[in-house]
Amino acid sequence: MLKVGLTGGIGSGKSAVSSALSSYGAVVIDADAIAREVVAPGTPGLAEVVSEFGDRVLAADGSLDRPALGAIVFADEARLASLNAIVHPRVAERSGQLMAEAEASGARVVVYDVPLLVENGLESLYDVVVVVDTPDDLRVERVSRDRDMPAEQVRARIAAQADRSTRLAAADLVVDNSGSREELASRVAELWRELLERAD
Ligand SMILES: CC(C)(COP(=O)(O)OP(=O)(O)OC[C@H]1O[C@@H](n2cnc3c(N)ncnc32)[C@H](O)[C@@H]1O)[C@@H](O)C(=O)NCCC(=O)NCCS
Ligand SMILES: Nc1ncnc2c1ncn2[C@@H]1O[C@H](COP(=O)(O)OP(=O)(O)OP(=O)(O)O)[C@@H](O)[C@H]1O
């Protein structure tokens, strides 16, 4: 099984790439989705987050108030490090389980979609590291256009992540997403051919 680490900063287009790879037949594991599961209502992860940050990060229904927590941690490096220390080990454990399940199921290519691959030094866990590369300004424009997130909050997250050259230095393959969605689709088709060759 070929293990692919797919990374890129906020709004680079990882989800678009991983959903196309999934339609070609890759098994996709999504770190952002796992990071939500491990702090779902009733989990020890959520209890730990509340004990660290207080009730102000709980919504009225008892779930995590993600915008409230985001506003705290992306304005303060030390607070972000505390959150990461709670969430990341749980994400690592769960994604390791899912990776093992993919292997047992006979998957040929598994793609781990993870924004913080470079930041967390995870390169050696993968046979191939794919970086989705999109200029910062375009990422700010796309995310603030498509999601309910003001441009300055997107910039705060960019500032909390590896810079472009650091991320590119870790790449075995790069997918340029500075063009249209159609251009991205044809680049992902090429990427899939390349991954299949490497899986043989
Ligand atoms: C702070 C939280 C609650 C904000 O939630 P929100 O729904 O607004 O964002 P979401 O989780 O969908 O993340 C969107 C994007 O923000 C960026 N981002 C998220 N967490 C981090 C982080 N710790 N460091 C840098 N960038 C981050 C990533 O590009 C991610 O794709 C949430 O991001 C979180 O719990 N982060 C810590 C866990 C984490 O590192 N997740 C990333 C993958 S493991
Ligand atoms: N080539 C493109 N042209 C225009 N919009 C795009 C293009 N590629 C992606 N987008 C849009 O940009 C936004 C960010 O893309 P996507 O959600 O795939 O990024 P991501 O890397 O998964 O982000 P995150 O790190 O926040 O999870 C989405 O709203 C998506 O629809």
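Residues numbered from 1 in each chain as written. Chains lettered and ligands numbered in written order. Predicted model: local features only at pLDDT ≥ 70, side-chain atom pairs only at ≥ 80, totals over all residues. Heavy atoms only, no water.

## So, the packing of aromatic side chains
Following the criterion strictly, the structure yields 2 aromatic pairs and no others. Seen in terms of ring centroids, Tyr 24 and Trp 192 are 5.8 Å apart; in terms of plane orientation they differ by 10°. Their pairing is stacked. Of the two residues, Tyr 24 is situated in helix H1 (residues 14-24) and Trp 192 in helix H9 (residues 181-199); the sequence distance between them amounts to 168 residues. Judged by its relative accessible area of 11%, Trp 192 falls in the buried class. Each ring, one from Tyr 112 and one from Tyr 126, has its centre 5.9 Å from the other, and the planes form 20°; the classification is stacked. (Phe/Tyr/Trp six-rings, centres within 6.5 Å; stacked < 30°, edge-to-face > 60°. Helix = DSSP H or I, 4+ residues; strand = E, 2+ residues; numbered from the N terminus. Buried < 20%, exposed > 50% of the residue type's maximum accessible area, 1.4 Å probe, protein only.)

## Remarks on the sheet that holds strand E4 (residues 128-133)
The strands making up a sheet associate through backbone hydrogen bonding, with each pair oriented either parallel or antiparallel. The strand order across the open sheet formed by 5 strands is E2-E3-E1-E4-E5, and the pairing between neighbours is parallel. Where the open sheet ends on each side, the last strands, each with one partner, are strand E2 (27-30) and strand E5 (173-176). Direction aside, the axes of adjacent strands within the sheet are offset by 20° on average. Where E4 and E5 come together, 4 bridges link them in parallel fashion. Each bridged residue has a counterpart across the sheet, and for Asp 133 the counterpart in E5 is Asp 176. Where H9 meets the sheet, its contacts fall on strand E1 (2-7), strand E3 (109-113), E4 and E5, and the angle it forms with E5 comes to roughly 165°. (Pairing = 2+ DSSP bridges. Axes fitted to C-alpha atoms, helices over the stretch in contact; angles between N-to-C directions. Contact = heavy atoms within 4.5 Å.)

## What about the UniProt feature "binding site: ATP" (unreviewed entry) in the protein chain?
UniProt marks Gly 11, Ser 12, Gly 13, Lys 14, Ser 15 and Ala 16 with the feature "binding site: ATP" (unreviewed entry), using the numbering shown here. Those annotated residues lining the largest cavity are, specifically, Ser 12. In this fold, Ser 12 is placed in the loop between E1 and H1. Judged by relative accessible area, which is 1%, Ser 12 ranks as buried. Ignoring sequence-local partners within four residues, the contact set of Ser 12 consists of Val 132, Thr 134, Arg 139 and Asn 177. Following the sequence through the fold, Gly 13 ends up in the loop between E1 and H1. Exposure remark for Gly 13: the relative accessible area of 17% places this residue in the buried category. Once residues within four sequence positions are removed from consideration, Gly 13 is found in contact with Val 132 and Asn 177. (UniProt positions renumbered as here; feature names shortened; annotations may be inferred. 1 Å grid on protein atoms, 1.4 Å probe; cavity = no way out; pocket = protein on both sides within 12 Å on 5 of 7 lines; lining within 4 Å.)

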